[in-house]
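What follows is each chain in one-letter form.
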Amino acid sequence: MFPSKGDGWRGRIAMSTTDASQRSEDRDRGGLDLTNRLLMQVPADQARDFWSVGDDDGGGIVVSGASALTAASARAREMTRPILVDRRRYAGRNRPRGTARFDPSWLESQRALNAATVLTDSGYVGEGDQEALVAILEQTTRAGDNVCAVLPLHISWLADPGVKLLAGEVNQHQVPVALVLEHASDPLGTQYAVNGLKYLLRQAQVPVSLLCTDISGLGAIAYGAAWAAVGVTSALRHLYPADKKGPPFKPSPARHAIVPRLMTFMNVERIAEGWARAQRHEDLDENLWRCWCTECGNRTMDRFATCTDLSLAIHNISILDALHQQVTGPDSWEQAIGDALRWYLWMQDEYHLTWDPPAFMNAWLPKSRR
Ligand SMILES: [Zn+2]
């Protein structure tokens, strides 16, 4: 029995099984239910550091890159939360097209590892490349149980008419999909992309998730995505276009920390600038630059300029977990954005800092609806 058009995959799952029996099946299979989970996506060479980081009751880890299987296998027995493995064959200058065949041993090894779901080692789906899209979905239908099609997409696939074609193909092939969205900065920083994603989430009759995302992953879950994986490094928070000249970041990559009240991944140098401004004016409320997470312990956020990458990442994960608790649907997601935008205005009034809010906020909550 299928739901009526627009019910999305959650409606269909609800009709086919209860949550309890689903969880029981998951346990029998050795995996864990991924629904509503916010995972962290880590590079394979840093997987060890992150193994025990994060919320014990939720979360999970997506180990990424060509050596991800080796890195995950080494510690899989110690893990009580879901593990996923993303080969990221779709990234970099020599990436194959989505028509490339999956490597059966890569998929089988994930089963041996007891991965919560098997992620396909897909190639890239360029603008209008329907052949590549269909090749990935078709191969996934033949790849056995509990396989999720990784769809690394040119951002035009979220615009009209691409997104209608995408929804149609996904529903026709009936396999869960995990999107990786390509953009030089923020794939979900435009209204057309966000609206396209909302459309896909409404129309899909299968679970749709996001890999390599950022704070917008919470918005996606709020609008019905099954799960989302937020990168612990900038390079893992989107798919950088391979055809751009030069490296995606300066030789020494910028470090970004979430400023909780501003709900923004901000360059640590800029955070230090905000803190310095508060120091120069005694009458300014400095709480904006303090963090209450367990890693920070109410210290001021200028510490991010000199702290370790791991400490920075643990802070980010703590703040994301707290936001995930708070955001339970579209209303609370929009409320969280509205609150952050008010802090930006407050900062402008009090600190005379006219920093632009990140583009995703206007994309999810257009000015006309505030
Ligand atoms: Zn913190």
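Keep in mind the model is a prediction, meaning the values are calculated, not measured.

Calculation notes
- Residues numbered from 1 in each chain as written.
- Predicted model: local features only at pLDDT ≥ 70, side-chain atom pairs only at ≥ 80, totals over all residues.
- Heavy atoms only, no water.
- Pairing = 2+ DSSP bridges.
- Helix = DSSP H or I, 4+ residues; strand = E, 2+ residues; numbered from the N terminus.
- Donors = N, O, S within 2.8 Å, 3.2 Å for Na, K, Ca; no water.
- Tetrahedral: all angles 85-135°; square planar, octahedral: opposite > 155°, others 65-115°.
- Phe/Tyr/Trp six-rings, centres within 6.5 Å; stacked < 30°, edge-to-face > 60°.
- Buried < 20%, exposed > 50% of the residue type's maximum accessible area, 1.4 Å probe, protein only.
- Lys NZ or Arg CZ within 6 Å of the ring centre and 35° of its normal.
- Core = buried A, V, L, I, M, F, W, Y, C linked by side-chain atoms within 4.5 Å.
- Domains from an automatic or database assignment.
- Contact = heavy atoms within 4.5 Å.

Asker: How should the sheet that holds strand β2 (residues 61-64) be read in this particular structure?
Answerer: Picture the strands of a sheet paired through backbone hydrogen bonds; they go either parallel or antiparallel. Reading across from one edge, β3-β2-β1-β8-β7-β6-β5-β4 is the order of the eight strands in this open sheet, with parallel pairing throughout. Lying at the two open borders of the sheet, with one neighbouring strand each, are β3 (83-86) and β4 (118-119). Sheet analysis places strand β7 (residues 208-213) next to strand β8 (residues 227-231), joined by two bridges and oriented parallel. Across the sheet, the residue bridging to T213 is V230, located in β8.

Asker: Explanation requested: the coordination of the zinc ion in the structure shown.
Answerer: Each angle at a metal carrying four tetrahedral donors should ideally be 109.5 degrees, and each at a metal carrying six octahedral donors should ideally be 90 or 180 degrees. Note on the zinc ion: its protein donors are C291 (SG), C293 (SG), C296 (SG) and H315 (ND1). The metal-donor distances range over 2.1 to 2.3 Å. Considering all four donor atoms around the zinc ion, angles at the metal cover 103 to 120° and the coordination shape is tetrahedral. For the zinc ion, the donor residues sit on a single chain with the sequence spacing C-x1-C-x2-C-x18-H. Linking C296 in the loop between α10 (268-280) and α11 (309-326) with H315 in helix α11, this pair joins segments that are 19 residues apart in sequence.

Asker: I would appreciate a short explanation of the packing of aromatic side chains in the present structure.
Answerer: Ring pairs (aromatic) are described by centroid distance and by the angle formed between their planes. Following the criterion strictly, the structure yields seven aromatic pairs and no others. Here W289 and Y351 contribute two aromatic rings whose centre-to-centre distance is 6.3 Å and whose plane-to-plane angle is 75°, an arrangement assigned as edge-to-face. With W289 in the loop between α10 and α11 and Y351 in helix α12 (residues 330-351), this residue pair connects regions lying 62 residues apart in the sequence. Across this residue pair, the class does not change: W289 and Y351 are buried. Each member of the aromatic cluster is reached from another via a ring pair, and the members are W289, W343, W346, Y351 and W355. Taking NZ or CZ as reference, R95 lies 3.5 Å from the ring centre of Y124, over its face. The ring of Y199 carries the charged tip of K164 above its face, separated from the ring centre by 6.0 Å.

Asker: Honestly, the nonpolar core in this entry has me stumped. Any pointers?
Answerer: A general tendency of soluble globular proteins is for nonpolar side chains to be buried together. Ranked by size, the top nonpolar core spans 106 residues in total, and within it L151, L179, M263, W289 and W333 carry the most contacts. Broken down by element, the residue count for this core peaks at eight residues, all from α12. If you count residues domain by domain, this core takes at least three from each of domain 1 (8-236) and domain 2 (256-369). Contact partners of L179, with chain neighbours within four places excluded, come to L151, L153, L197, L200, V208, S209, L210 and L211.

By themselves these figures say nothing about function.
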